[in-house]
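Residue strings, one per chain:
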Amino acid sequence: MNYRHAFHAGNHADVFKHLTLTRLIALMSRKEQPFAYLDTHAGIGLYDLQGDQASRTGEYLEGIARLWDQPDLPLLTADYMQVLHEMNPDGQLRYYPGSPELARRLTRPQDRVLLNEKHPEDGVLLKDNMAGDRRVKVHLGEGWHVPRALLPVPEKRAVMLIDPPFEQLDEMQRCAASLKEAIGRMRQTVAAIWYPVKDQRALRRFYQDLAGTGAPKLLRVELLVHPLDTPNSLNGSGLAIANPPWGLEEELRELLPWLSEKLGQTQGGWRMDWLIAES
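None of these values were measured; they are calculated from a predicted model. (Residues numbered from 1 in each chain as written. Predicted model: local features only at pLDDT ≥ 70, side-chain atom pairs only at ≥ 80, totals over all residues. Heavy atoms only, no water.)

With that out of the way, let us pick up the layout of surface pockets. Empty pockets left among the atoms are what a rolling probe the size of a water molecule brings to light. In this structure, the largest pocket encloses a volume near 1,200 Å³. If you trace the largest pocket, you find 45 residues lining it, with Pro164, Pro165, Phe166, Glu167 and Glu171 closest to the centre. Those elements giving two or more residues to the lining of the largest pocket turn out to be helix 1 (12–28), helix 8 (171–185), strand 7 (190–197) and helix 9 (200–211). Forming the boundary of the second largest pocket are Lys217, Pro244, Pro245, Trp246, Gly247, Glu249, Glu250, Trp274, Ala277 and Glu278. Taken together, the residues of the lining of the second largest pocket sort by class into five nonpolar, one polar and four charged. (1 Å grid on protein atoms, 1.4 Å probe; cavity = no way out; pocket = protein on both sides within 12 Å on 5 of 7 lines; lining within 4 Å. Points joined across faces, edges and corners; volume = space filled by probe spheres on them. Helix = DSSP H or I, 4+ residues; strand = E, 2+ residues; numbered from the N terminus. Nonpolar A, V, L, I, M, F, W, Y, C, P; charged D, E, K, R; others polar.)

Inspection of the entire model under this criterion finds 19 salt bridges. Close ionic contact of Asp163 with Lys17 constitutes a salt bridge, the shortest N to O distance being 2.7 Å. Placement of Asp163 in the loop between strand 6 (158–162) and helix 8 and of Lys17 in helix 1 is noted, with a sequence separation of 146 residues between them. Across the salt bridge formed by Glu101 and Arg104, the nearest N and O atoms sit 2.9 Å from each other. Placement of the pair is Glu101 and Arg104 together in helix 5 (residues 99–106), with a separation of three residues, close to one helical turn. Of the residues examined, Arg104 reaches a relative accessible area of 22% and is grouped as partly exposed. Connected via shared salt-bridge partners are Glu86, Glu101, Arg104, Arg105, Asp133 and Arg135. (Salt bridge = Lys/Arg side-chain N within 4 Å of Asp/Glu carboxyl O. Buried < 20%, exposed > 50% of the residue type's maximum accessible area, 1.4 Å probe, protein only.)

Quick look at the structure:
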């Protein structure tokens, strides 16, 4: 209950996660049929990079600040950067969107946005930040209960982000269990799990757990800012994406080399492969 994402808002992991999320939403929107967006650990939705928490760590300086004034950005970043510029119309980078705000702004009138936040204070802030949009519903409860509580959705299509704080030792196992439950309840769910790239032993077990979830297909994507063996450091982050929409793999193959160059610190890198290949 002590984790507050505001300390890390806009860092390299956020840029990677949120840029990928905007592409998921864009690809899902190619079909007219509505979809529901579900966020298990939503946070507050909006962040002030000049506020006390974000400015104390300055992590955004090695993340979104590196892209803010870049000329000739890849076309695939357009949706992401458009939201940022709409939130910062004076051209000065101050406000940063969490995944709920990106989803709220980029989904369509026929789509729904279902958000969950456990932290009581953050839940109130999330409700305030999402007020006024009838498509958005905020739940205050345990994020691990979201697949059971909200799936299947009547829209027949769903995108679910599983993004816990990873403060507890069992959270990687719980991520895999949540994915398994989501697939069991609604097999076509597009589910993305964000995870830190730190402890290689824990990650090997996590990959094995993910491979056993029974997802029809599961793409593993990782962006590194330090070498894998750098001790006591967030060396990068990953997304395990079940049922990625057609075209996402090709888009990420185009984006990841550019992102690793722009966001790499001691050494940038990336990898992408299938933990579960489509049968």
